[in-house]
Amino acid sequence: MKTILMQFDTDASPSTFDRVVAVDAGADELFSYGGISPENVTGLVHGAIFTRGPKDLKHTAIFIGGSHVSAGEALLKQVVDTFFGPMRVSVMMDSNGSNTTAAAAVLAAKKHLSLDGLSALVLGGTGPVGHRVAQILASQGSTVRVASRTKDRAEQTVAAIRTAIPKAQVVPVATGTEAELLAAASGVSLIVAAGAAGVELLSEATWRTLTDLCVLIDLNAVPPLGLGGVQVMDKGVERQGIFCYGALGVGGTKMKVHKAAIAKLFESNDQVLDTAAIYAIAETLG
Amino acid sequence: MKTILMQFDTDASPSTFDRVVAVDAGADELFSYGGISPENVTGLVHGAIFTRGPKDLKHTAIFIGGSHVSAGEALLKQVVDTFFGPMRVSVMMDSNGSNTTAAAAVLAAKKHLSLDGLSALVLGGTGPVGHRVAQILASQGSTVRVASRTKDRAEQTVAAIRTAIPKAQVVPVATGTEAELLAAASGVSLIVAAGAAGVELLSEATWRTLTDLCVLIDLNAVPPLGLGGVQVMDKGVERQGIFCYGALGVGGTKMKVHKAAIAKLFESNDQVLDTAAIYAIAETLG
Amino acid sequence: MKTILMQFDTDASPSTFDRVVAVDAGADELFSYGGISPENVTGLVHGAIFTRGPKDLKHTAIFIGGSHVSAGEALLKQVVDTFFGPMRVSVMMDSNGSNTTAAAAVLAAKKHLSLDGLSALVLGGTGPVGHRVAQILASQGSTVRVASRTKDRAEQTVAAIRTAIPKAQVVPVATGTEAELLAAASGVSLIVAAGAAGVELLSEATWRTLTDLCVLIDLNAVPPLGLGGVQVMDKGVERQGIFCYGALGVGGTKMKVHKAAIAKLFESNDQVLDTAAIYAIAETLG
């Protein structure tokens, strides 16, 4: 029986990126839909769960993608709510690559640092990827400073992470001024930059003054990069004694995590691959 | 040469149900289109008939689906009208699963009854599935009472069936009141319920009073079911001496008929699989 | 690694014709998109170039199609402009079949005539196919009269051809009147008709008076055909001493060129298959 991956994309055209990865991950057939929302997905889910017998449902799965993470989350909720009893298929949510990228970034940090008890700063921590980096780090026992230009936006993300992980050690920090930035970065061993493309969040001159710093990860691939002095291809390169990772250096691992998650979907019909589940898959690749 | 099935769906998004069945029926490639109407289908049909040579055209076929049977019928007409001479491909129409479901229901009845000369009642007989159940039964020599709440709606369906099958023994009956329902059901050996989801059309107390009844088939899968006391998974279960079938009990056969019809499309390039042709395929599976 | 062809169609529904040919040309996976324009293609191209590693990018390619050649050209430009450095995939443009049809027509002429120094007339020379027939002939050293009902439209096409091929020997001619038509056809060895469907551009009585004529090619498949007396299935048939080709006679070669071009896309990741490149591929099939 062929494996079928149904790609439900919240953008008008289904992502070619996600399609190529699905093909390379070994899905036999790909049903790609664009413009999908909670309002029009129910019939499509019924076609997934009512066609093959219960013991064959693991050969069908759903991938949720698109540019907007909040739209993807609403779609995931509706898809899962449509399932009932054994009538369900496995589903993965990775809008904007947020979960696979965050998992790959944390995996990079873990090569050099013990995550439990680690002190970390996530710049651009309120965006979809930064939010998930902070959430995964917190789930592994790190104390995470979630940074945004203003503290109130950071507080919203911190509250959302605490809802997902009640024991999370997460602190909102503002990085609107150089003094705030220096205070936010003081004492951390890991800094991850997950801000908007083309904005330098931290200069090399500044991070060279940080005495506890061990790992720098920049997830921005478009120049100017997010962390001064870190190169886009860096993959554990030592610069000034700091292990550096650029977006393309993390990208290879992100792709492996993405493919492994797609393959995992077809192992049983009852999986919901969200942030935590995707990081758990990433860890097995470590 | 790969087999190609072009799925033309009258709904905005092409049905995942029909896609899964097409894959499982062995079609190598599936071209799925949503939002197809007589106005925009001609160019798509030209691409089907003008690409492969006449002797290879049997490897390309068209499937017409969607929620609305009348839209599907209009599309089928336009597709067939676009063919000329040997420039044609086989085409199947099964909007809303109407033809395959009706064929499977009649096949179930046939296990217990001789259709020729049979007296049958189709409740919800004016809907797409009920209409086709009545039409197939009439084509096999049954005398069929086509029921609706009011007689005039039933008369329209009866007229349509007589156009398709001039010798059809079909009678319109109203079932708006309990007295009408009792009169309609009196003396029949088979009752098929094909009404709207969630409406009980006949109570167990009532059908237990019918002395000639032999088979009950309920095509509604959503509770409350259409025939009181019949269970959704029933597949020939005897209840009060009556052989009972529920929607899921018929569903397995429907899926077999659907797959067999898809496979049949690729045997030659000149088939039009409508209600009669799909029932003929179903009979070979009997 | 599977080959992936991304079909970007400027029409609302992606062409089934181009899809069937892509399947028959051996592309393993086809990602078909309709309604694509320069405004919404960039993200789709990013998904093509950012997923597979540089050495595997040759397994992904892009096909640009649709009814409107100018829309296809604008899309091709945007796609190519999105590439950078080694981050590119091969791309073919064949809106309305213009390039493959024109290449097949010239290939037919070449069986009987030396193209270098040839004097040719292209009727309907300002349409997408006629334009490309004239351009290919000019690129091979022919002197080409580009005909339209009025000379000013022909002059625009001639200017466009000279931009593509600076040394082109192309002359605009009007064929609005019978006298103009006779003057335009006088002395040519090849006439190609590429006008609108159902319009006879040249009568048999007229072309029988042309003493230098050797080959007639009619690319119109809908009666009345474009060249009186030429049959749609003609493939080098001699009529009155003239080698004649009809649209279906050229169509088989067009299909071979189309398939060969699709296959060629996957040989490297840096090809842009435009008019000249597609004719170069056609020549290897000669």
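Everything quoted here is computed from the prediction, not taken from an experiment.

### Notes on empty space enclosed by the protein
All names here are of chain A.
Line of reasoning, step 1. A complete count under the given rule lists one cavity of 30 Å³ or more for this structure.
Line of reasoning, step 2. There is about 30 Å³ of room inside the largest cavity.
Line of reasoning, step 3. Lining the largest cavity, in full, are Leu 5, Gln 7, Asp 18, Arg 19, Ala 22, Leu 30, Phe 63, His 258 and Ile 262.
Line of reasoning, step 4. It is helix H1 (residues 16-24) that contributes the most residues to the lining of the largest cavity, three residues altogether.
Line of reasoning, step 5. Taken together, the residues that form the lining of the largest cavity break down as five nonpolar, two polar and two charged.

### Some points on the relation of the copies chain C and chain B
The pair of chain copies shares a relation made of a rotation about an axis and a shift along it.
Line of reasoning, step 1. Between chain C and chain B, the superposition needs a rotation of 120 degrees and an axial shift of 0.0 Å, giving an RMSD of 0.0 Å. Look at the turn and shift together and you get a three-fold axis relating the two.
Line of reasoning, step 2. The residues that chain C uses at the interface reappear at the interface of chain B in only 7% of cases, marking distinct surfaces.

### Description of the relation of the copies chain A and chain B
Line of reasoning, step 1. Here chain A sits on chain B after a turn of 120 degrees about the axis and a move of 0.0 Å along it, with an RMSD of 0.0 Å.
Line of reasoning, step 2. Here only 6% of the interface residues in chain A have copies in chain B that are interface residues too; the copies meet through unlike faces.

### Observations regarding helix H1 (residues 16-24) of chain C
Each α-helix turn comprises 3.6 residues. Residues three or four places apart therefore point the same way.
All names here are of chain C.
Line of reasoning, step 1. Of all nine residues in H1, seven are buried; the element is thus mostly enclosed.
Line of reasoning, step 2. Buried within H1 we find Thr 16, Asp 18, Arg 19, Val 20, Val 21, Ala 22 and Val 23.
Line of reasoning, step 3. The backbone nitrogen of Phe 17 lies 3.1 Å from a side-chain oxygen of the residue at the head of H1, namely Ser 15.

### Some thoughts on the packing of aromatic side chains
Residues and elements named next belong to chain A.
Line of reasoning, step 1. Applying the stated criterion across every chain, the model contains six aromatic pairs over all chains.
Line of reasoning, step 2. When the ring of Phe 8 is compared with that of Tyr 33, the centres are 5.9 Å apart and the planes differ by 70 degrees; the resulting orientation is edge-to-face. Linking Phe 8 in strand E1 (residues 4-9) with Tyr 33 in strand E2 (residues 29-33), this pair joins segments that are 25 residues apart in sequence. The same class applies to Phe 8 and to Tyr 33, which are both buried.

Rules used in this analysis
Residues numbered from 1 in each chain as written. Chains lettered and ligands numbered in written order. Predicted model: local features only at pLDDT ≥ 70, side-chain atom pairs only at ≥ 80, totals over all residues. Heavy atoms only, no water. 1 Å grid on protein atoms, 1.4 Å probe; cavity = no way out; pocket = protein on both sides within 12 Å on 5 of 7 lines; lining within 4 Å. Points joined across faces, edges and corners; volume = space filled by probe spheres on them. Helix = DSSP H or I, 4+ residues; strand = E, 2+ residues; numbered from the N terminus. Nonpolar A, V, L, I, M, F, W, Y, C, P; charged D, E, K, R; others polar. Least-squares fit on C-alpha atoms with pLDDT ≥ 70 in both. Contact = heavy atoms within 4.5 Å. Buried < 20%, exposed > 50% of the residue type's maximum accessible area, 1.4 Å probe, protein only. Polar contact = N/O pair within 3.5 Å; in protein donor to acceptor, adjacent residues only side chain to side chain. Phe/Tyr/Trp six-rings, centres within 6.5 Å; stacked < 30°, edge-to-face > 60°.

Everything listed here is a matter of geometry and, on its own, says nothing about what the molecule does.
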